[in-house]
Amino acid sequence: MTIYDFTVQDAQGIEISLEQYKGKVLLIVNTATGCGFTPQYEGLENIYRQYKDQGFEILDFPCNQFGNQAPGSDAEIQQFCTLKYDTTFPRFKKIKVNGEDASPLYKWLKEQKGGVLGSSIKWNFTKFLVDREGKVVACFAPTTSPSKLDNDIKALL
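What this report covers is the structure whose coordinates are included nearby.

Rules behind the numbers
- Think of each chain on its own: its residues are numbered from 1, step by step along the sequence as written.
- Only residues with pLDDT of at least 70 get local features here, since the model is predicted, and only at 80 or more are side-chain atom pairs given and counted; chain-wide, interface and lining totals rely on the full set of residues.
- The side-chain quantities take in all heavy atoms of the structure and omit both hydrogens and water.
- Each helix is a run of H or I in the DSSP string that is no shorter than four residues. Each strand is a run of E no shorter than two, and both are numbered from the N terminus.
- A helix is expected to span 1.5 Å for every residue after the first.
- Only protein chains enter the calculation, and the probe is 1.4 Å; a residue is then buried if its accessible area is under 20% of its type maximum, exposed if over 50%, and partly exposed in between.
- The directions considered for the arc are those from the helix axis to the C-beta atoms.
- Whether two residues are in contact is decided by their heavy atoms, any of which lying within 4.5 Å being enough.
- Only Phe, Tyr and Trp rings are paired, with Trp represented by its six-membered ring, and only when their centres lie within 6.5 Å; those with planes under 30 degrees apart are stacked, over 60 edge-to-face, the remainder tilted.
- Two strands are said to pair when DSSP picks up at least two bridges between them.
- All axes here are fitted lines through C-alpha atoms, helices being fitted over the stretch that makes contact, and every angle between N-to-C directions spans 0 to 180 degrees.

**Observations concerning helix α1 (residues 40–51)**
1) Next: The terminal C-alpha atoms of α1 lie 17 Å apart, and with 12 residues this matches the ideal 16 Å at 1.5 Å per residue to within 8%.
2) Next: Three or more residues of α1 are buried, namely Gln40, Tyr41, Leu44, Glu45, Ile47, Tyr48 and Tyr51. One side of α1 carries all its buried residues, which in axial view fall inside an arc of 165°.
3) Next: As for α1, its buried residues are in contact with β3 (25–31), β4 (56–62), α2 (74–85), β5 (127–130) and α4 (150–156).

Next comes the structure, spelled out in structure tokens:
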């Protein structure tokens, strides 16, 4: 199984096969708009703009499971990110990343490369790096700033 076997919903609720990202390096992040790590959107956008033309994509999955820090609707979250941080990478429908109702994608990601809490996501802005073959190669803690991922991303591109 690879990342390409999953289907997710975009911010409008339209089913999207992750197969459309085949052959690209992916950074998958669970985000929140009211978190201490929210300014990482700026760093994420910087690395996205730097590497998107080389086959790099960031997939943003808002999540409200940690301290109710992403309470808005999908449209409100999109508007916030676009206006405050000028983000241009794909954003998807708000999901759960832990528990029985966790997204199948996140259940699989955690099985591949659990973070510090093993089978649970610790907090917003946990980052999974996926290679061009659809395999998870690393999981980065929320405290890891996007700029610190530069060498890892370049190595996969």
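**Some thoughts on the packing of aromatic side chains**
1) Next: All chains considered together, the criterion is met by 11 aromatic pairs.
2) Next: Each ring, one from tyrosine 41 and one from phenylalanine 125, has its centre 5.5 Å from the other, and the planes form 85°; the classification is edge-to-face. Placement of tyrosine 41 in helix α1 and of phenylalanine 125 in the loop between α3 (104–112) and β5 is noted, with a sequence separation of 84 residues between them. This pair shows no difference in class: tyrosine 41 is buried, exactly as phenylalanine 125 is.
3) Next: Ring pairs connect the aromatic residues Tyr41, Tyr48, Phe80, Tyr85, Phe89 and Phe125, which therefore count as one cluster.

**Here's the deal with the sheet that holds β5**
The pairing of strands in a sheet comes from backbone hydrogen bonds and takes either a parallel or an antiparallel form.
1) Next: Spatially, 4 strands are ordered β4-β3-β5-β6 in an open sheet, and the strand pairing comes out mixed. Unpaired on one side and paired on the other, β4 and β6 (136–140) mark the two borders of the sheet. Averaged over all neighbouring strand pairs, the angle between strand axes comes to 20°, with direction disregarded.
2) Next: In the sheet, β5 pairs with β6 via 4 bridges, with the strands oriented antiparallel. Residue pairing across strands places lysine 127 opposite phenylalanine 140, the latter belonging to β6.
3) Next: Together, β3, β4 and β5 form the strand contacts of α1, whose direction differs from that of β4 by roughly 155°.

**Focus: unusual backbone geometry**
1) Next: Look at aspartate 86: it is not a glycine, yet its phi comes out positive at around 55°.
2) Next: Positionally, aspartate 86 belongs in the loop between α2 and α3.
3) Next: Take aspartate 86: its relative accessible area is 42%, and that puts it in the partly exposed class.
4) Next: In this structure, phenylalanine 125 takes a positive phi of about 70° despite not being glycine.

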